[in-house]
Amino acid sequence: MDYRAFYENYHELYLLYAQARIPWSTAAEDVVSAAFDDIAFVWTTALSSPSAAALAWGLLRQRVAGSTLCPSCRPACAHCVLRPAMADAVVLHTYIGISLSETATVMGLNRGDIGALLCGARRRLVDSRRLVRAMSHMGLQVEEGADGRGSC
């Protein structure tokens, strides 16, 4: 895939992700633009890496993380307590609403990894009572097992 095709395939989702994490629309646009500049700079290296999508996602994640303040009641506040990949999967699949397969493609992972990340996120969020509000904002539905822990 050439860079232009990559840009066209991923720009909208990258922007939706950034907007979920950054409260100011213009700031999200600037961050995504800077991330694509970073990706263009390393595009040749990305193509020879095991996963160009994973490398690009990492660059986007770094740009977004450097611009976020974690305001309360944001859908992506899970980034404060979950591992980055878990929180990213939650934002993409649960909040933005893309499929497991598309989430995997965007993040440069396989579908099984995304399922495991989402299951782990559900368990972690159930274990962290202070995130009940965050769960409802993200639309996570967690069923409690007999032991009070989440089940996937």
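Everything that follows concerns the structure shown earlier in this document.
Owing to the predicted nature of the structure, the values given are computational and were not obtained by experimental measurement.

About the criteria used
- Residues numbered from 1 in each chain as written.
- Predicted model: local features only at pLDDT ≥ 70, side-chain atom pairs only at ≥ 80, totals over all residues.
- Heavy atoms only, no water.
- Helix = DSSP H or I, 4+ residues; strand = E, 2+ residues; numbered from the N terminus.
- Contact = heavy atoms within 4.5 Å.
- Areas by Shrake-Rupley, 256 points an atom, 1.4 Å probe, with all protein chains shown as cover.
- Buried < 20%, exposed > 50% of the residue type's maximum accessible area, 1.4 Å probe, protein only.
- Phe/Tyr/Trp six-rings, centres within 6.5 Å; stacked < 30°, edge-to-face > 60°.
- Axes fitted to C-alpha atoms, helices over the stretch in contact; angles between N-to-C directions.
- Parallel < 35°, antiparallel > 145°, perpendicular 65-115°, else oblique.
- Left-handed = near helix turned anticlockwise from the far one by under 90°.

Draft legend 1. Spatial organisation of the overall build of the protein. From N to C terminus, the protein includes 8 helices and 2 strands. Overall, the protein shows an N-to-C arrangement of helices and strands of α-α-α-α-α-α-α-α-β-β. Restricting the contact set of the protein to residue pairs at least 6 apart, pairs at least 24 apart contribute 61%. For the protein, the exposed area adds up to about 7800 Å²; of that, 51% sits on carbon and sulfur atoms.

Draft legend 2. Here's a closer look at helix H5 (residues 84-96). Within H5, burial applies to Met-86, Ala-87, Asp-88, Ala-89, Val-90, Val-91 and Leu-92. Positive backbone phi, approximately 95 degrees, marks Gly-97, located one or two places after H5.

Draft legend 3. Seen up close, the packing of aromatic side chains. In the structure shown here, the tally under the stated rule is 11 aromatic pairs. By way of ring pairs, the aromatic residues Tyr-3, Phe-6, Tyr-7, Tyr-10, Tyr-14, Tyr-17, Phe-36, Trp-43 and Trp-57 are connected into one cluster.

Draft legend 4. Inspection of the packing of H5 against helix H6 (residues 100-107) at higher detail. Two elements in contact, H5 and H6, have axes separated by 10 Å at closest approach and are oriented at 130 degrees. Judged by the inter-axis angle, H5 sits oblique to H6. As for the relative orientation of H5 and H6, their crossing is right-handed in sense. Taken together, the residues of H6 that come into contact with H5 (itself represented by Ala-85, Asp-88, Ala-89, Leu-92 and His-93) are Leu-100, Thr-103, Val-106 and Met-107.

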